[in-house]
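Observations on the three-dimensional arrangement
If you want the building blocks of each chain, they are given just below.
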Amino acid sequence: MQFDKEFDASGLACPMPIVKTKKSLGGMAPGQVLRVVATDPGSVCDMAAFAEETGNTLLASTTENSKYVFFLRKA
């Protein structure tokens, strides 16, 4: 999937992946896509809840090389 910006949250524990994702999205234009890579298993549920609460769209949630990868479209 194509994306405009990437944020690597590897090694960060809850709630930091969400906090840093929010900050990364803040500097993006509506419609742009952010790719987030995380190692915290809790980020799977957290990212879905974050997207729902903020109105951003969670386009995909996958696993690559034991890491969790998310694609979010900025609202």
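The rules behind each value
- Residues numbered from 1 in each chain as written.
- Predicted model: local features only at pLDDT ≥ 70, side-chain atom pairs only at ≥ 80, totals over all residues.
- Heavy atoms only, no water.
- Helix = DSSP H or I, 4+ residues; strand = E, 2+ residues; numbered from the N terminus.
- Rg over C-alpha atoms; globule rule 2.2 N^0.38 Å.
- Buried < 20%, exposed > 50% of the residue type's maximum accessible area, 1.4 Å probe, protein only.
- Contact = heavy atoms within 4.5 Å.
- Phe/Tyr/Trp six-rings, centres within 6.5 Å; stacked < 30°, edge-to-face > 60°.

Now for the overall build of the chain. When helices and strands are counted, the chain shows two helices and four strands. Reading the secondary structure of the chain in the N-to-C direction produces β-α-β-α-β-β. Over its C-alpha trace the chain gives a radius of gyration of 11 Å, about what one expects of a compact globule, namely 11 Å for 75 residues. Each of the three principal axes of the chain carries a C-alpha extent, and together these read 30 × 25 × 20 Å. Going through the 75 residues of the chain one by one, you find that 35% of them count as buried. Here the analysis covers contacts within the chain between residues at least 6 apart in sequence; of these, 68% occur between residues at least 24 apart.

So, about the packing of aromatic side chains. Applying the stated criterion to the full structure yields one aromatic pair. Centroid distance Phe 3 to Phe 71: 6.1 Å. Interplanar angle 50 degrees. Geometry classified as tilted. Note that Phe 3 is positioned in the segment before strand 1 (5-9) and Phe 71 in strand 4 (residues 67-73), a separation of 68 residues in sequence. Overall, Phe 3 belongs to the partly exposed group, its relative accessible area being 37%. Relative accessible area serves as the criterion here: at 7%, Phe 71 is assigned to the buried category.

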